[in-house]
Amino acid sequence: MAGRSLSEVRTTHVRTARHNSGPRELDERLRGRVVLGVGRKGKFLVGALDDGQTLVAHLGMSGRFTVGDPLDAEPAHTHFRALLDNGVEVRFVDPRTFGFVAVFDDDELAGSGFSRLGPDAWVETPSTEALQAALSTRTAPIKALLLDQVVVSGLGNIYADEALHIAGIHPLRPGQDLSADELGRLLAAIRSVLDLAIDNGGTSLDDLAYLLPDGRAGANLNRLAVYGRTDLPCLECGAPIERMVIRSRSSHFCPDCQAIRR
DNA sequence: ACCTCCCTGGCC
DNA sequence: GGCCAGGGAGGT
């Protein structure tokens, strides 16, 4: 996509364009623009445009981009298409419409969720000291804080559970109570969880909402130690994995390896 | 700091 | 027929 201009853009679902005034405005602001480069921070995809605007996209729960021939059969729930000047069509397919595509000028970008993101968990993993400072006033459960993209960005429910398990930290521990030693272990765990997931092509669940760009399923599901393993034995100690709801998100943890007091 | 909402496919 | 999954925005 980088270096190509968008000769035609068509958004066909209002929710996909909800961060702009509507599908028509999004299409008009994108049409004819050149994408100078693309990148990522946290779970947001970003592209720099030749007129200074920024293209921002989020896959949400079920979104994916496809790249192919405009004549290819169109999958259900295709909500956005952009024809590039090389004849390739980029499509955004998103059944649950939690994802979006947006174009922002600098002011709009500054007011968007993108500008509030904390350091990327993988590219700019914070130091123990920086994390401790960020958590020093936070009393919420560490699990909730890992999902709050303002502390560290890029972790979702699966990898937050996995990282806490590796680090041996109970998901309900208040953020500010964690020691430097624990936070150091947590940061190392975040790195290793993401490294493993990336090496395995990501975590495709049974619903196959997430797939690799070539359409294959990622193989990380059977590398998960706690997520989705409620009542199954902990791979470290054999204790049954427990599930509890924290901030209306499921949390999976080993009551032994992640004792609330240690 | 907390809650509700959004949405569809899959499952019971 | 109804519930569950969950990322982020918006409201209180």
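Since this is a predicted model, take the numbers as computed values, not measurements.

Conventions used here
Residues numbered from 1 in each chain as written. Chains lettered and ligands numbered in written order. Predicted model: local features only at pLDDT ≥ 70, side-chain atom pairs only at ≥ 80, totals over all residues. Heavy atoms only, no water. Core = buried A, V, L, I, M, F, W, Y, C linked by side-chain atoms within 4.5 Å. Buried < 20%, exposed > 50% of the residue type's maximum accessible area, 1.4 Å probe, protein only. Helix = DSSP H or I, 4+ residues; strand = E, 2+ residues; numbered from the N terminus. Contact = heavy atoms within 4.5 Å. Near = heavy atom within 4 Å. Polar contact = N/O pair within 3.5 Å; in protein donor to acceptor, adjacent residues only side chain to side chain. Nonpolar A, V, L, I, M, F, W, Y, C, P; charged D, E, K, R; others polar. Pairing = 2+ DSSP bridges. Salt bridge = Lys/Arg side-chain N within 4 Å of Asp/Glu carboxyl O.

Asks: Could you give an account of the nonpolar core, with specific residues and numbers?
Replies: Counting 27 residues, the largest nonpolar core has Ile142, Leu146, Leu186 and Ile190 as its most contacted members. Tallying contributions element by element places helix H6 (residues 180–199) first for this core, with eight residues. Those residues in contact with Leu186, other than ones at most four positions away along the chain, are Ile142, Leu146, Ala163, Leu164, Ala167 and Ile169. Among the nonpolar cores identified, the runner-up in size contains 16 residues, and Leu6, Ala17, Leu55 and Phe80 belong to it.

Asks: Quick one: what's the story with the protein's contact with DNA strand B, residue by residue and with numbers?
Replies: Around DNA strand B, the surrounding shell consists of Arg15, His77, Pro95, Arg96, Thr97, Phe98, Thr137, Arg138, Thr139 and Arg247. Protein-adjacent atoms of DNA strand B, using a 4 Å cutoff, are sugar or phosphate at a proportion of 69%. For DNA strand B, a phosphate oxygen lies 3.2 Å from a polar atom in the side chain of Arg138. Looking at the surface near DNA strand B residue by residue, the classes come out as two nonpolar, four polar and four charged.

Asks: Please give an account of the pairing of strand E2 (residues 35–41) that cites residues and values.
Replies: Strand direction decides the pairing type here: E2 and strand E3 (residues 44–49), joined by six bridges, are antiparallel. In the strand pairing of E3, Gly37 is matched with Ala48. With antiparallel pairing between neighbouring strands as the criterion, E2 and E3 make up a hairpin whose turn holds two residues, including Gly42 at a positive phi of roughly 55°.

Asks: Break down the pattern of salt bridges for me, with residues and values.
Replies: Using the criterion set out here, one finds 14 salt bridges in the structure. The shortest N-O distance in the salt bridge between Arg40 and Asp120 comes to 2.6 Å. Taken together, the positions of Arg40 in strand E2 and Asp120 in the loop between helix H2 (106–110) and helix H3 (128–135) put the pair 80 residues apart, joining distant regions of the chain. In this structure, Lys41 engages Glu124 in a salt bridge whose closest nitrogen and oxygen atoms are separated by 3.8 Å. Of this pair, Lys41 sits in strand E2 while Glu124 sits in the loop between H2 and H3, placing them 83 residues apart in sequence. Judged by relative accessible area, Glu124 falls into the partly exposed class, the value being 37%. One network of salt bridges, in which partners are shared, links Glu25, Arg29 and Glu108.

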